[in-house]
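Below, each chain spelled out in residue letters.
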Amino acid sequence: MKIIADLHTHTIASTHAYNTILEMVHYAAQAGLKAIALTDHGRRMPGAPGDWYFQNLATVPRRLEGVLVLRGIEMNIIDYEGNTDLEENAKNLDWAVASIHGGLMDPNVKPTVELCTELWLKVAQNPMVRVIGHSGTPQFAYDYEKVIPEFGRQGKLVEINEHSFLVRKSSVPNCKKIAEVCKKYGVPIVVDSDAHFCTELGVYPNAERMLKEIDFPEELIVNGDENRLYEYLRKYTKVLEEE
Ligand SMILES: [Zn+2]
Ligand SMILES: [Zn+2]
């Protein structure tokens, strides 16, 4: 299996990532990737770009160096109602990853499995969300058996995030559980780098090892095959029509 698209990446616009779009695309092309999603952080993340950055992403060509470029965002989930910081004016983006970043949640509310289950069930109803970002954090554990099938019904892709194996190690056991539940219910996933530097693009040894360990079905890895990815993009986005 070869991952052919990286659908969660950060550029210098996030201000804690270090490459320009051109550098990212160039590296993606060198790494043999067919597509990349630019998903800089939503506005609640300290140092994140403003609304105009996302509104104006339409100026970025859809194809550079032969790589399909998706204009995206990593939205922050900001409360237990599953609201996000995606502004109205960012609705014309191609791609949205929705993630919880612990530091941005209300410190006065203690997350429980019930609260986090409700949160993700609401996010599952958000038509803009394509990817459920790194949801294995133990602090924000949810009822995987209940929520993951709903992600599948709503066309959301559950992310297996290489970065979690490196910087969120406590999430690793839950990432495996999540992948197992995806396998059980036939829910599609994406394997992403969450790169904050271009050399991280297209490199997923830990995620791939874990998926192999649990004998994860290849046909459920949406970015494991170009046709499969295109089929998904055709069904849920306008990217290919507009290209
Ligand atoms: Zn970041
Ligand atoms: Zn990210």
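Look up a bit, the structure's there.
Trainee: Break down the overall build of the protein for me, with residues and values.
Mentor: When helices and strands are counted, the protein shows nine helices and eight strands. A compact globule built from 243 residues would reach a C-alpha radius of gyration of about 18 Å, and the protein, at 16 Å, matches this within 12%. Its C-alpha atoms put the protein at 45 × 40 × 30 Å along the principal axes. Taken across its 243 residues, the protein has 57% of its residues classed as buried. Counting only contacts in the protein whose residues sit at least 6 apart along the sequence, the fraction spanning at least 24 positions is 79%. Element-wise, carbon and sulfur atoms account for 52% of the exposed surface of the protein, whose accessible area totals about 10,500 Å². In the protein, the 26 positive side-chain charges and the 35 negative ones have mean positions that sit 3 Å from each other.

Trainee: An account of the packing of aromatic side chains is needed here, citing residue identities and associated values.
Mentor: Using the criterion set out here, one finds seven aromatic pairs in the structure. Relative to phenylalanine 54, the ring of tyrosine 53 has its centre 5.1 Å away and its plane inclined at 85°; by these criteria the two rings are edge-to-face. What makes tyrosine 53 partly exposed here is its relative accessible area of 23%. The class for phenylalanine 54 is buried, based on a relative accessible area of 3%.

Trainee: Account for the coordination of the zinc ion (ligand 1), with residues named and values stated.
Mentor: Around the zinc ion (ligand 1), the protein supplies His16 (NE2), His41 (NE2) and His196 (NE2) as donor atoms, at distances of 2.0 to 2.1 Å. Mapped onto the polypeptide sequence, the residues donating to the zinc ion (ligand 1) form the spacing pattern H-x24-H-x154-H. Metal-to-metal, the separation of the zinc ion (ligand 1) and the zinc ion (ligand 2) is 4.6 Å. Of this pair, histidine 16 sits in the loop between β1 (5-9) and α1 (21-30) while histidine 41 sits in strand β2 (residues 35-41), placing them 25 residues apart in sequence. For histidine 41, a relative accessible area of 3% translates into the label buried.

Trainee: Tell me what's going on with helix α7 (residues 205-213), and back it up with residues and numbers.
Mentor: All of the buried residues along α7 are Asn206, Ala207, Met210 and Leu211. Seen along its axis, α7 keeps its buried residues to an arc of 130°; they face one direction. Counted as exposed and oriented over 90 degrees from the buried face of α7: Arg209, Lys212 and Glu213. Where α7 is buried, its residues meet β7 (157-161), α5 (162-167), α6 (172-185) and β8 (189-192). One or two residues past the end of α7 sits aspartate 215, with phi positive at roughly 55°.

Trainee: Residues and numbers for α1, please.
Mentor: Among the residues of α1, Ile21, Met24, Val25 and Ala28 are the ones counted as buried. End-on, the buried residues of α1 take up no more than an arc of 95°, which puts them together on one face. When the buried face of α1 is taken as reference, the exposed residues oriented beyond 90 degrees from it are Leu22 and Gln30. Residues of α1 that are buried make contact with β1, β2, α2 (51-55), β3 (63-64) and β4 (67-76).

Trainee: Break down the pairing of β7 for me, with residues and values.
Mentor: For β7, the buried fraction is high: five of the five residues fall into the buried class. Across two bridges, strand β6 (residues 131-132) lies against β7 in parallel orientation. Considered in β7, the bridge of valine 131 is made with leucine 157. Tracing the backbone out of β6, into helix α4 (residues 144-153) and back to the parallel element β7 gives a crossover that is right-handed. As paired elements, β7 and β8 share four bridges and run parallel to each other. Across the sheet, the residue bridging to valine 158 is isoleucine 189, located in β8.

Trainee: Any details on unusual backbone geometry? Residues and values, ideally.
Mentor: A negative phi angle is the norm for most residues apart from glycine, just as the trans form is the norm for most peptide bonds. Phi is positive for glutamate 65, which is not a glycine, with a value near 50°. Tracing the chain through its elements places glutamate 65 in the loop between β3 and β4. At aspartate 215, a position not held by glycine, the phi torsion is positive, near 55°. Among the structural elements, aspartate 215 can be located in the loop between α7 and α8 (226-236).

Trainee: Could you give an account of the coordination of the zinc ion (ligand 2), with specific residues and numbers?
Mentor: For a metal bound by four donors in tetrahedral geometry, the ideal donor-metal-donor angle is 109.5 degrees, whereas six donors in octahedral geometry ideally sit at 90 or 180 degrees. Protein coordination at the zinc ion (ligand 2) comes from His8 (NE2), His10 (NE2), Glu74 (OE) and Asp194 (OD), with a distance range of 2.1 to 2.2 Å. Considering all four donor atoms around the zinc ion (ligand 2), the spread of angles at the metal, 82 to 170°, places the coordination shape in the irregular class. Summarised as a motif, the one-chain spacing of the donors to the zinc ion (ligand 2) is H-x1-H-x63-E-x119-D. Exposure remark for histidine 8: the relative accessible area of 0% places this residue in the buried category.

Quick notes on the rules
Residues numbered from 1 in each chain as written. Chains lettered and ligands numbered in written order. Predicted model: local features only at pLDDT ≥ 70, side-chain atom pairs only at ≥ 80, totals over all residues. Heavy atoms only, no water. Helix = DSSP H or I, 4+ residues; strand = E, 2+ residues; numbered from the N terminus. Rg over C-alpha atoms; globule rule 2.2 N^0.38 Å. Buried < 20%, exposed > 50% of the residue type's maximum accessible area, 1.4 Å probe, protein only. Contact = heavy atoms within 4.5 Å. Areas by Shrake-Rupley, 256 points an atom, 1.4 Å probe, with all protein chains shown as cover. Lys, Arg positive; Asp, Glu negative; His and termini not counted. Charge placed at Lys NZ, Arg CZ, Asp CG, Glu CD. Phe/Tyr/Trp six-rings, centres within 6.5 Å; stacked < 30°, edge-to-face > 60°. Donors = N, O, S within 2.8 Å, 3.2 Å for Na, K, Ca; no water. Arc of directions from axis to C-beta. Pairing = 2+ DSSP bridges. Right-handed = clockwise from strand over helix to strand, strands pointing away. Tetrahedral: all angles 85-135°; square planar, octahedral: opposite > 155°, others 65-115°.

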